[in-house]
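Chain by chain, the residues run as shown.
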Amino acid sequence: MRRRILCVPVLCLVLTGACSKPAAENPFDYPFIRPLHLKREANKPYSDYKAFYVLTEDFEPLVDTAAEMDSASDLLKFASALSSTYKVPWTHFVDVNTLAAVKTSSDLDLKQRSQNLVDALKQMVEAGDDCELHLHGPLNRALLDQLRSQEKQHLKGSEEAVERYRQRRSFFYQSFYREGYRELVASLTYGKRFLEDSLYGGAQQVLAFRPGGWDHGSTSADTFLYFQALEDSGLIANSGLSTGDFGGKNWRVGNDPGRNVATVAVGDKKVFEVSPTAGPGGYVNPVLPNDLAKLAASVKNEMAVIVSVYHLGALQPADRGSSKTGRPESEIQSERDALEEHFKTVAKLAEQKILYPITLRGLLAIISEQQ
Ligand SMILES: [Zn+2]
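Analysis parameters
- Residues numbered from 1 in each chain as written.
- Predicted model: local features only at pLDDT ≥ 70, side-chain atom pairs only at ≥ 80, totals over all residues.
- Helix = DSSP H or I, 4+ residues; strand = E, 2+ residues; numbered from the N terminus.
- Buried ≥ 20, exposed ≤ 12 C-beta atoms within 10 Å, placed from the backbone.
- Contact = placed C-beta atoms within 7 Å.
- Expected span 1.5 Å × (residues − 1).
- Arc of directions from axis to C-beta.
- Axes fitted to C-alpha atoms, helices over the stretch in contact; angles between N-to-C directions.
- Parallel < 35°, antiparallel > 145°, perpendicular 65-115°, else oblique.
- Nonpolar A, V, L, I, M, F, W, Y, C, P; charged D, E, K, R; others polar.
- pLDDT = per-residue confidence, 0-100.
- Core = buried A, V, L, I, M, F, W, Y, C linked by C-beta atoms within 7 Å.
- Left-handed = near helix turned anticlockwise from the far one by under 90°.
- Pairing = 2+ DSSP bridges.

Points about the overall build of the protein
Across its full length, the protein holds eleven helices and 14 strands. Burial statistics for the protein: of 371 residues in total, 44% are counted as buried. When contacts within the protein are restricted to residue pairs at least 6 apart in sequence, those whose partners lie at least 24 apart make up 79%.

This is the structure:
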């Protein structure tokens, strides 16, 4: 009996220990981030559908050699054919640094191949795809210097300090913690302008950013600065908040339908968050099994927004002349098949008026309209 009494305080201690474990850092709970619910408005092309479907891809292929650049161009041809066959557009988050050679390479052959990549993306834009900005760190230094010499952009910004880091040390860490706020804004501002000029012929603005490594800073204060930098750079949207600790079980990219779209207050301005839809392994990935119809039906009285994430670079064979290890051809072929299967599924769900495929740009226009 006595022993049992002794055990109670021990048990209490154990339980208290378990309960006092800090909760996962959740940006969706930050006071400046408020959920946004999209209405299903009448008499719109999407009125009868259950969910918007935004197929995104982070364009960051290997481009160090001529063969890699050529295989990256091939990926775009494949992706483009899928879009035109199944009528599902891509939203490419283009890592500008993968296009730097078009401006900076002294090797005319590489420069031309890089130009081919730019042209392939440009053609996809003309066919209805969307290109937005992506970076894993600061803009390539040579590219930044060259863009700076061509056009003097007025940069806004101040400096801030550092602490413990829950995220993968990627975009925010590499650019802000290493280089400072002004350099963060410089990378975003010039990266944005480079894509506008090279892919849109200056006719359209790049609107959104996706942080490389899903790194938008470790804390609420970091994330606020991050959004301020987007705003200072003229961007109106972000796609990619992550919750918890990178590498930990509580790590999660984006959120569930009904909770993955938000407004972020930056002073008297606002930035929209259109986060990926959380799923197994982090987010909904087109080549992994997902019940899209179930996801689309998981919220009532509003238009769900399903954002999936792919990396076309996953289909890139290794350059035999390089030391990097690539995937075997058979593996790449089955992934290509899985991606095509996904397009078929989305096309079928679109026919059944469940998914309404749209680019992020198209969705942002609807979100702005509803404000
Ligand atoms: Zn990336």
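Here the narrative resumes.
Overview of helix H4 (residues 108-126)
Residues lying three or four places apart along an α-helix face the same way, a consequence of the helix completing one turn every 3.6 residues. An ideal rise of 1.5 Å per residue puts 27 Å on 19 residues; H4 measures up with 26 Å between its terminal C-alpha atoms. Within the sequence span of H4, burial applies to Arg113, Ser114, Leu117, Leu121, Met124 and Val125. Down the axis of H4, the buried set is contained in an arc of 140 degrees. They therefore lie on one face. Those residues of H4 that are exposed and aimed more than 90 degrees away from the buried face are Leu108, Asp109 and Glu126. Here the buried face of H4 lies against helix H2 (66-86), strand E3 (90-95), helix H3 (101-104), strand E4 (130-135) and helix H7 (181-200). Phi turns positive one or two residues past the end of H4, at Gly128, with a value near 115 degrees.

Comments concerning the packing of helix H5 (residues 141-150) against H7
Where H5 meets H7, the closest approach of the two axes is 10 Å, and the angle between their N-to-C directions is 70 degrees. When the interaxial angle is binned, H5 and H7 end up roughly perpendicular. Across the interface between the two elements, Leu144, Leu147 and Arg148 from H5 touch Ala186, Tyr190, Arg193 and Phe194 from H7. By residue class, the composition of the contact of H5 with H7 is five nonpolar, no polar and two charged.

Focus on the confidence of the model for the protein
Predicted confidence across the protein gives a mean pLDDT of 89, with 88% of residues reaching 70 or more. Segment residues 1-19: pLDDT under 50, and zero contacts once partners within four positions in sequence are set aside and those in other chains are kept. Of the regions scoring below 50 in pLDDT, residues 157-161 engages in nine contacts with residues more than four places distant in sequence or in other chains.

Thoughts on H2
Taking 1.5 Å per residue as the helical rise, H2 with its 21 residues ought to reach 30 Å, and the 31 Å between its terminal C-alpha atoms agrees with that figure. On its buried face, H2 sits against E3, H4 and helix H10 (329-351).

Section: the nonpolar core
In globular proteins that are soluble, nonpolar side chains generally tend to be buried together. By size, the foremost hydrophobic cluster in this structure holds 92 residues, and its most contacted members are Ala51, Phe52, Tyr53, Val305, Ile306 and Leu355. For this core, the leading source of residues is H7, giving eight residues.

What about the environment of Asp130?
Among the structural elements, Asp130 can be located in strand E4. Sequence spacing of Asp130 and Thr359 is 229 residues, and the spatial spacing of their C-alpha atoms is 6.0 Å. Filtering out sequence-adjacent residues up to four positions away, Asp130 remains in contact with Pro89, Thr91, His92, Thr359, Leu360 and Arg361.

Points about the packing of H7 against helix H8 (residues 220-232)
Orientation of H7 relative to H8, taken along the N-to-C sense of each, is 45 degrees, at an axis distance of 9 Å. Our classification of the angle between H7 and H8 gives oblique. Two packed elements cross with a definite hand, and for H7 against H8 that hand is right-handed. Note on element contacts: H8 touches H7 through Leu225, Ala229, Leu230 and Asp232, opposite Tyr181, Leu184, Val185 and Leu188.

Brief notes about the pairing of E4
Of all the six residues making up E4, six are buried; the element is thus mostly covered by neighbouring parts of the structure. Side-chain alternation along E4 places Asp130, Glu132 and His134 on one buried face and Cys131, Leu133 and Leu135 on a second face that is also buried. In terms of strand pairing, E3 meets E4 through five bridges, oriented parallel. When the sheet's bridge partners are listed, Asp95 is paired in E4 with His134. Direction of pairing for E4 relative to strand E5 (residues 208-211): parallel, over a ladder of three bridges. Looking across to E5, one finds that His134 is bridged to Arg210.

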